[in-house]
Amino acid sequence: MLNRVRSNLIFGGYRLLPQFLPTRSNSSYVEPNEPNILTKSIPGPESVRLSTLLGQVQNSGAVQLFVDYDRSVGNYLVDVDGNTFLDIYSQISSVPLGYNHPSLISALHDPKNVSAFINRPALGILPPKDFIEKLQSALMSVAPPGLNEVQTMACGSCSVENALKAVCFWRRNIERGGEVAELDMSTCLTNQAPGSPHLSIMSFTGSFHGRTFGALSCTHSKAIHKLDVPAFDWPIADYPKYIFPLEENKEFNKREDDRCLAMVEDLIEQYHRKGCPVAGMIVEPIQGEGGDNHGSVYYYQQLRKICTKNQIAFIIDEVQTGCGPTGKFWAHEHFNFETAPDIVTFNKPYRIFNTWLGDPAKLVLLEQVVKEIKKENLLSKITETGDHLLNGLNDTQAQFPNYIMNARGRGTFCAIDFKTPELRDKAIKRLHLNGVHCGGSGTASLRFRTTLTFNKNHANIFLDRFNRTLKEL
Ligand SMILES: Cc1ncc(COP(=O)(O)O)c(C=O)c1O
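These numbers were taken from a predicted model, which means no experiment stands behind them.

Trainee: What is the right way to look at the sheet that holds strand β12 (residues 413–418) in this model?
Mentor: Two pairing modes exist for strands in a sheet, parallel and antiparallel, and in both the strands are linked by backbone hydrogen bonds. The strand order β11-β12-β15-β14 describes an open sheet built from four strands, whose pairing is antiparallel. Looking at which strands have only one partner, the edges of the open sheet turn out to be β11 (404–410) and β14 (439–441). Sheet twist, expressed as the mean angle between neighbouring strand axes with direction ignored, is 30°. Relative to strand β15 (residues 445–447), β12 is paired through three bridges, and the arrangement is antiparallel. Along β15, the bridge assignment pairs aspartate 417 with serine 445. Docked against the sheet, helix α14 (residues 378–399) engages β11 and β12, running at close to 170° with respect to β11.

Trainee: How should I be thinking about the packing of helix α4 (residues 102–109) against helix α13 (residues 360–375) in this particular structure?
Mentor: Helix-helix packing is described using two parameters, namely the angle between the two axes and the distance between the axes. Where α4 contacts α13, the two axes come as close as 9 Å, and the packing angle between them is 145°. Crossing of α4 against α13: the hand is right-handed. Taken together, the residues of α13 that come into contact with α4 (itself represented by Ser103, Leu104 and Ala107) are Val364, Leu365, Gln368, Val369 and Glu372.

Trainee: Sorry, what's going on with the sheet that holds strand β10 (residues 313–316) here?
Mentor: What the four strands build is an open sheet, ordered β6-β5-β7-β10; its pairing is parallel. Of all strands in the sheet, those with a lone pairing partner are β6 (236–237) and β10, marking the two edges.

Trainee: Is there a simple way to explain helix α15 (residues 421–433) in this structure?
Mentor: The α-helix advances 3.6 residues per turn, and as a result positions three or four apart in sequence lie on the same side. Between the first and last C-alpha of α15 there are 19 Å, a value that for 13 residues agrees with the 18 Å anticipated at 1.5 Å per step. Residues of α15 that are buried: Leu423, Arg424, Ala427, Ile428, Leu431 and His432. Packed against the buried residues of α15 are β3 (84–87), β12, β13 (436–437), β14, β15 and α16 (456–472).

Trainee: Looking at this model, I keep getting lost on the domain arrangement of the chain. Mind explaining?
Mentor: Think of interface size as the accessible area that goes away when the parts come together; that is how it is often given. By domain assignment, the chain separates into domain 1 (2–14 + 115–367) and domain 2 (19–100 + 376–472). Averaged C-alpha coordinates put domain 1 and domain 2 at centres separated by 29 Å. At the junction of the two partners, domain 1 supplies 24 residues and domain 2 supplies 25 residues. Here domain 1 packs against domain 2, burying approximately 2000 Å² in sum over the two surfaces, 56% of which is carbon and sulfur. Across the contact surface, domain 1 and domain 2 share two salt bridges. Linking glutamate 289 and arginine 447 is a salt bridge whose minimum nitrogen-to-oxygen distance equals 3.2 Å. On the surface where domain 1 and domain 2 come into contact, there are 13 residue pairs in polar contact (both at pLDDT 80 or more). Residue composition of the side of domain 1 that touches domain 2, by class: 10 nonpolar, 10 polar and four charged.

Parameters and conventions
- Residues numbered from 1 in each chain as written.
- Predicted model: local features only at pLDDT ≥ 70, side-chain atom pairs only at ≥ 80, totals over all residues.
- Heavy atoms only, no water.
- Pairing = 2+ DSSP bridges.
- Helix = DSSP H or I, 4+ residues; strand = E, 2+ residues; numbered from the N terminus.
- Axes fitted to C-alpha atoms, helices over the stretch in contact; angles between N-to-C directions.
- Contact = heavy atoms within 4.5 Å.
- Left-handed = near helix turned anticlockwise from the far one by under 90°.
- Expected span 1.5 Å × (residues − 1).
- Buried < 20%, exposed > 50% of the residue type's maximum accessible area, 1.4 Å probe, protein only.
- Domains from an automatic or database assignment.
- Buried area = accessible area lost by both parts, 1.4 Å probe.
- Salt bridge = Lys/Arg side-chain N within 4 Å of Asp/Glu carboxyl O.
- Polar contact = N/O pair within 3.5 Å; in protein donor to acceptor, adjacent residues only side chain to side chain.
- Nonpolar A, V, L, I, M, F, W, Y, C, P; charged D, E, K, R; others polar.

The structure is reproduced here in structure tokens:
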């Protein structure tokens with residue numbers, strides 16, 4: 001039955017897309033040879049001045065640096081104080097080709113794209129004439145195996161919200177088996193069953209699926225995201241916690257997988273009994289925000305099977321992992337699912353809907369990103385670079401066992417843990433002074449979210465600066 005709805009897919013366009021439109025010309029696309037730090041402290045004085053100004057009109061507590069995006073190139077980020085950083089964070093994995101890539105600048109300067117940039121349509125009702133062609137060339141050409149429909153959205157949380165809604169539509173449709181009753185229509189207006197049904201979505205400890213109201217009930221990575229916001233009583237299963245090195249702890253880790261899988265089955269049963277059956281399950285292929293936690297191929301394959309067996313829609317959230325950093329376009333392709341995941345949407349107009357429903361201008365850029373990935377063979381290059389980086393991280397952790405451990409990753413989607421959160425935070429600050437812009441995840445991890453043009457030379461520069469940083473801690 002699931003098969004009939006399975007050929008659908010929602011994704012959040014923005015992660016796949018550069019956020020900053022360049023003004024420079026193609027001829028100035030030359031990366032520096034290495035980072036260059038000019039100020040004694042980071043953030044430098046101009047960043048501090050601008051943060052103070054911003055603080056007068058909005059909360060600027062999260063601002064790290066003010067950036068000169070005109071001067072930033074490829075894998076190098078230049079701040080307003082003229083500091084040049086090797087950027088291994090790439091706007092939290094959302095600048096796939098790096099800054100000011102020539103192919104994107106050309107797309108922007110191409111007169112035939114001008115209209116897409118200035119006339120943002122209400123896509124659901126007035127799509128542009130080349131919309132289907134752009135969907136095909138930009139999105140469908142890289143759609144995950146087994147998925148053949150796409151619904152664009154404006155951001156990751158928006159995609160998750162609508163995936164959750166689509167799952168509920170699908171489930172109620174099956175339960176009803178026909179026309180929507182008048183009672184459904186009237187009760188939903190006052191948030192009562194059966195129109196607002198008692199259904200639940202299963203998620204996992206440590207997960208992150210966004211901060212909007214519904215998605216937040218599936219997010220469990222940090223209390224600060226959730227504090228004071230009412231949440232649905234939905235089942236939360238343990239995500240496996242492995243002991244490293246993985247090869248030496250196979251037996252323990254397999255038992256951990258089986259424990260977590262048994263809990264999933266148990267929760268499905270519990271929520272069924274309490275009258276709030278599980279309609280969908282949402283899981284990241286690697287938990288990003290929650291600390292770069294990996295589940296085994298076996299674990300994911302079993303999750304998929306449990307969903308099929310129980311008629312639960314299986315949503316894989318690739319907002320952070322998608323578009324190639326793991327060496328496959330979609331991270332879940334590493335799991336070789338027999339049956340594709342159901343990131344399900346629904347075709348009925350106005351039920352999956354908002355004003356913009358994404359942005360065709362982003363499709364113009366995404367089309368270039370996809371072309372570049374294919375032309376330059378970036379996925380196999382990022383796999384090689386990732387192996388090189390991970391080997392380097394393993395060597396470094398062998399040299400600094402008192403500071404770091406658990407190097408892990410797929411492609412350049414890597415991470416390493418520090419012994420304490422304080423050490424991690426100190427290292428991130430110190431790395432800035434040593435010319436590397438990076439970010440954390442979970443409580444004590446450093447995460448790599450590189451561009452797809454990040455190469456072995458960049459990895460070597462990072463490893464050198466990382467080594468220096470660890471010596472200075
Ligand atoms: C796995 C995952 N899902 C959803 C989101 C939410 O995306 P957005 O910030 O675009 O709303 C994120 C953001 O980091 C994410 O990592």
